[in-house]
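Fold and geometry: a report
Residues per chain, in single letters:
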Amino acid sequence: MRLEGKTAIVTAAAQGIGRATAERFRDEGARVWALDRDAAALETVDGVERIAIDLRDVAAIAALPDRIGAADVLANVAGFVHAGTVLQCEEPDWALSFDLSVHACYRMIRAFLPGMLEKGGGSIINMSSICSSVKAVPGRFAYGASKAAVIGLTKSVAMDYVGQGVRCNAVCPGTIETPSLRERVIAQAAAQGISVDEAHAAFVSRQPMGRLGRAEEIASLFLYLASDEAAFITGAVQVIDGGWVN
């Protein structure tokens, strides 16, 4: 198993890509610490250590290393998708977008990077998106800005610690079938006065492959980047979008 004997941390692990990643890490032999603010949903993730936590809580994040210890893998999956243009993005929307996608990532790295350096290595994988500096998507102003910041953060960490055994990469998915997407589909259907099936079909129609991605497919990329098989990869922006940006 590719992560045998390793300790891995996954944020937003109660559903969607975070859950699929935590379960894949577990199945590959890692001791997985699954973090999410939804304690009830987190209880349904089997075979992992669970911590209910709000990633906006600075003190709670700073206290995590005392409980978990040093980590070999840190997967920062948490984020927030705000729908709207700059004129539709209010201050709380902007703040939440950066709190969950960027600030939580920064704080988690600050908390667990020292332990990786002491161990002589580790892999940090940050969730970005093709909606970032990779590609603009209509009506995703705050989301695209925050995910672009994740790419910049990732490249900086990778450059600063490339000589000390710590790798840092960004994963940029396209549109993935998740509970979060389902909520957006329902909201879009209501806003446009169309059926949920019609709204879902609109998401699918922009995909060159004719389908949306699966959370398990993104988890496979997280696993590869976490493993020693990716030992020569750092500072990379890994696009996994079914050909949308080609």
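Notes on the structure follow. (Residues numbered from 1 in each chain as written. Predicted model: local features only at pLDDT ≥ 70, side-chain atom pairs only at ≥ 80, totals over all residues. Heavy atoms only, no water.)

Observations concerning the environment of Ala75
Looking at where Ala75 falls in the secondary structure, it is placed in strand S4 (residues 73–76). Through-space distance from the C-alpha of Ala75 to that of Asn169 is 9.8 Å; in sequence the pair is 94 residues apart. Sequence-distant contacts of Ala75, that is, excluding residues within four places in its chain, are made with Ile9, Val10, Thr11, Phe25, Ile125 and Phe222. (Helix = DSSP H or I, 4+ residues; strand = E, 2+ residues; numbered from the N terminus. Contact = heavy atoms within 4.5 Å.)

Topic: the layout of surface pockets
To find leftover empty space, one rolls a probe the size of a water molecule over the atoms. One number sums up the size of the largest pocket: a volume of about 1300 Å³. For the largest pocket, the lining is made up of 50 residues, of which Gly79, Phe80, Val81, Ser180 and Arg184 are closest to its centre. Put simply, the parts of the chain that give the lining of the largest pocket at least two residues each are helix H1 (16–27), strand S2 (31–36), helix H4 (91–119), helix H5 (141–161), helix H6 (179–192) and helix H7 (196–205). The leading source of residues in the lining of the largest pocket is H6, at 9 residues. (1 Å grid on protein atoms, 1.4 Å probe; cavity = no way out; pocket = protein on both sides within 12 Å on 5 of 7 lines; lining within 4 Å. Points joined across faces, edges and corners; volume = space filled by probe spheres on them.)

Observations regarding the nonpolar core
Ranked by size, the top nonpolar core spans 33 residues in total, and within it Val10, Ile17, Phe25 and Phe222 carry the most contacts. The element contributing the most residues to this core is helix H8 (residues 215–226), with 8 residues. Residue contacts for Phe25: discarding those within four places in its chain leaves Leu3, Ala8, Val10, Ala30, Val32, Val73, Ala75, Phe222, Leu223 and Ala226. (Core = buried A, V, L, I, M, F, W, Y, C linked by side-chain atoms within 4.5 Å. Buried < 20%, exposed > 50% of the residue type's maximum accessible area, 1.4 Å probe, protein only.)

Some remarks on the pairing of S4
Covered by surrounding structure in S4 are Val73 and Ala75 together with Leu74 and Asn76, the residues of both alternating faces. Across 4 bridges, S4 lies against strand S5 (residues 122–127) in parallel orientation. In the strand pairing of S5, Val73 is matched with Ser123. Regarding topology, H4 serves as the crossover connection from S4 to the parallel S5, and that connection is right-handed. (Pairing = 2+ DSSP bridges. Right-handed = clockwise from strand over helix to strand, strands pointing away.)

Observations concerning the packing of helix H3 (residues 58–68) against H4
The packing of two helices is summarised by the inter-axis angle and the distance between the axes. Here H3 crosses H4 at 30°, and the two axes come no closer than 9 Å. One finds that H3 runs roughly parallel with respect to H4. Crossing of H3 over H4 shows right-handed handedness. Residues Val58, Ile61, Leu64, Pro65 and Ile68 of H3 lie in contact with H4, whose contacting residues are Arg107, Met108, Ala111 and Phe112. Classifying every residue of the contact of H3 with H4 by side-chain character gives 8 nonpolar, no polar and 1 charged. (Axes fitted to C-alpha atoms, helices over the stretch in contact; angles between N-to-C directions. Parallel < 35°, antiparallel > 145°, perpendicular 65-115°, else oblique. Left-handed = near helix turned anticlockwise from the far one by under 90°. Nonpolar A, V, L, I, M, F, W, Y, C, P; charged D, E, K, R; others polar.)

Some thoughts on the packing of aromatic side chains
A complete count under the given rule lists 2 aromatic pairs for this structure. Each ring, one from Trp94 and one from Phe141, has its centre 5.3 Å from the other, and the planes form 20°; the classification is stacked. Within this pair, whereas Trp94 is found in helix H4, its partner Phe141 is found in helix H5, the two being separated by 47 residues in sequence. Among the residues examined, Trp94 registers a relative accessible area of 32% and is labelled partly exposed. Pairwise contacts between aromatic rings join Trp94, Phe98 and Phe141 into one cluster. (Phe/Tyr/Trp six-rings, centres within 6.5 Å; stacked < 30°, edge-to-face > 60°.)

Some remarks on H6
Side chains of residues three or four places apart in an α-helix project in the same direction, reflecting 3.6 residues per turn. With 14 residues, H6 extends 20 Å from end C-alpha to end C-alpha; this agrees with the ideal 20 Å at 1.5 Å per step. Among all positions of H6, only Leu181, Val185 and Ala189 are buried. Taken around the axis of H6, the buried residues stretch over an arc of 80°, which confines them to a single face. Facing away from the buried surface of H6 by more than 90 degrees, the exposed residues are Glu183, Ala190 and Ala191. Backbone geometry just after H6 places Gly193 at a positive phi near 70°. (Expected span 1.5 Å × (residues − 1). Arc of directions from axis to C-beta.)

Such coordinate-based values are descriptive only and should not be taken to indicate function.
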